[in-house]
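One letter stands for each residue in the lines below.
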Amino acid sequence: MEEQNLNYAIATLGSHSALQILKGAKDEGFKTIAICEKGRDRPYRMFGVADEIITVNRFSDLPEKVNELRDKKAIIVPHGTFTGVMSQEEIEKLNLLYFGNRKILKWEYNRQMQREWLKKAGLILPKIFAQPEDIDSPVIIKFFGAKGGKGFFLAKNADEFHEKMGKKQGNPYIIQEYIIGAPIYIHYFYSPINGEIEIMSFDKRYESNVDSIGRIAAKDQLDLGLETSYNITGNVPLVVRESLLPEIIEMGEAVVKASRKLEKHGLIGPFSLETIITPELKFFVFEISARIVAGTNFFINCSPYSDLKYGHPMSTGRRIAREIKLAIQNNQLDRVLV
Ligand code: AMP
């Protein structure tokens with residue numbers, strides 16, 4: 001069977017969670033390809049995860065490499081950088097073997113559709129305020145397409161909103177209820193081959209500057225006139241209170257079930273729910289990612305949960321390769337490459 005795997009290569013863009021994806025693919029016996037931007041290939045050489053490196057000037061030039069990748073029977077694994085540089089239409093048109101369901105991505109790209117999906121799954125979402133004058137509780141203002149939360153700000157009423165919006169005027173945004181609680185990002189994997197959902201791991205974010213403001217006295221924070229920013233710089237691993245697990249499993253299952261009503265085949269493989277849990281232990285879900293998230297990178301060997309399930313190293317990246325391998329063995333590749 002290993003020989004059969006070697007007919008395919010697993011490829012991904014050199015960024016985000018590529019080290020994990022490629023390492024996992026190698027562990028499952030696949031050839032691996034890192035598609036790197038010129039001058040940014042050093043991590044993939046240094047850590048020896050790529051059998052081959054294909055260089056592009058910019059990631060968005062990927063379509064130029066389609067024939068070469070098809071010749072190598074490459075299966076492309078999407079991640080956050082991939083969905084960031086390619087539009088949903090480009091991904092749907094991309095003439096490459098693709099892990100997951102590319103049709104489901106439009107439900108992630110569009111914030112309105114994302115809410116529809118999560119509501120269909122029966123999850124609790126933060127309220128959205130249509131206009132600043134409606135603000136009657138703390139809110140977070142999020143700009144569309146802002147990479148990793150850059151420029152997001154908080155307000156507690158319309159006056160504060162207008163004052164802080166200042167020169168950011170003109171950029172599309174949403175006003176969302178700010179939930180006071182603990183952020184927990186849940187990493188799931190759904191296997192269409194065995195019809196089961198798995199909890200892979202959990203993380204919380206490490207964001208600049210919001211995660212360092214608490215190191216400065218409140219008086220200094222005010223004197224310095226600091227503005228918070230949520231620019232992601234890394235991820236911190238978590239285990240959750242064990243009694244929360246039954247609800248977490250049900251939330252993941254509900255998301256998968258709802259996804260099948262939205263698109264044929266529904267969600268395939270890794271996905272993540274970004275949640276805030278309140279002191280009353282109520283989960284508010286504010287975002288879904290329908291692909292591997294970078295918070296899984298800490299668990300490149302395994303997480304406590306994947307250790308419990310597999311008893312040998314199993315990252316989300318490796319789980320993707322394992323699913324492809326299972327699909328090949330069962331002659332069901334069409335169920336995971338949609
Ligand atoms: P995002 O880019 O949407 O993942 O959000 C960036 C940061 O804002 C993260 O630290 C989140 O924990 C936080 N955040 C986003 N939405 C909310 C919300 N509705 N309530 C509280 N915190 C939030």
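Residues numbered from 1 in each chain as written. Predicted model: local features only at pLDDT ≥ 70, side-chain atom pairs only at ≥ 80, totals over all residues. Heavy atoms only, no water.

Chemist: Can you walk me through the side chain of E274 in this structure?
Modeler: As for its placement among the helices and strands, E274 is situated in strand β13 (residues 269-277). A polar contact is formed between the side chain of E274 and the side chain of R205, at a distance of 3.2 Å. The residues touching E274, leaving out its near neighbours within four places in the chain, are I184, Y185, R205, F284, V285, F286, E287 and S289. (Helix = DSSP H or I, 4+ residues; strand = E, 2+ residues; numbered from the N terminus. Polar contact = N/O pair within 3.5 Å; in protein donor to acceptor, adjacent residues only side chain to side chain. Contact = heavy atoms within 4.5 Å.)

Chemist: What am I meant to see in the pattern of salt bridges here?
Modeler: Where charged atoms from two side chains of opposite charge come close, those side chains can pair. A full pass over the atoms with the stated rule returns 19 salt bridges. Taking the shortest distance from any N to any O, the salt bridge between R318 and E28 comes out at 2.6 Å. Of this pair, R318 sits in helix α13 (residues 316-329) while E28 sits in the loop between α2 (18-27) and β2 (31-37), and the two are 290 residues apart along the sequence. The same class applies to R318 and to E28, which are both buried. Ionic pairing is found between D136 and K127, a salt bridge with its closest N-O pair at 3.9 Å. When its relative accessible area of 56% is taken as the criterion, D136 is described as exposed. Accessibility expressed as a relative area gives 41% for K127, which makes it partly exposed. When salt bridges with common partners are traced through the structure, they connect E28, R318, R322 and K325 into a single cluster. (Salt bridge = Lys/Arg side-chain N within 4 Å of Asp/Glu carboxyl O. Buried < 20%, exposed > 50% of the residue type's maximum accessible area, 1.4 Å probe, protein only.)

Chemist: I'm lost on the sheet that holds β13 in this one. Help?
Modeler: Backbone-to-backbone hydrogen bonds pair the strands of a sheet. The strands run either parallel or antiparallel. With antiparallel pairing, five strands are arranged side by side in an open sheet as β12-β11-β10-β13-β14. The open sheet is flanked by β12 (230-238) and β14 (283-289), the only strands paired with a single partner. Between one strand axis and the next, the sheet turns through 35° on average, direction left out of account. Bridging between strand β10 (residues 182-191) and β13 involves nine bridges; their strand directions are antiparallel. Considered in β13, the bridge of H187 is made with S272. Strand contacts of helix α8 (residues 111-120): β13 and β14, with the helix running at about 125° to β14, the strand carrying the most contacts. Sitting on the sheet, α13 is in contact with β10, β11 (196-209) and β13, with an inclination near 15° to β10. (Pairing = 2+ DSSP bridges. Axes fitted to C-alpha atoms, helices over the stretch in contact; angles between N-to-C directions.)

Chemist: Just checking my understanding: could you explain the sheet that holds strand β7 (residues 139-143) for this structure?
Modeler: Read from one edge of the open sheet, four strands run β6-β9-β7-β8, paired in antiparallel fashion. Two strands bound the open sheet, and with one partner strand each, they are β6 (128-129) and β8 (153-155). Looking at chain direction, β7 and strand β9 (residues 173-177) are connected through five bridges and run antiparallel. By the bridge assignment for β9, K142 is matched with I174. Where helix α9 (residues 158-165) meets the sheet, its contacts fall on β7, β8 and β9, and the angle it forms with β8 comes to roughly 150°.

Chemist: It is not clear to me how the environment of S17 should be interpreted in this structure. Could you clarify?
Modeler: For S17, the location among the structural elements is in the loop between β1 (9-13) and α2. In sequence terms S17 and A50 are 33 residues apart; their C-alpha atoms lie 13 Å from each other. Beyond its immediate stretch of four places on either side in the chain, S17 contacts H79, I292 and N297.

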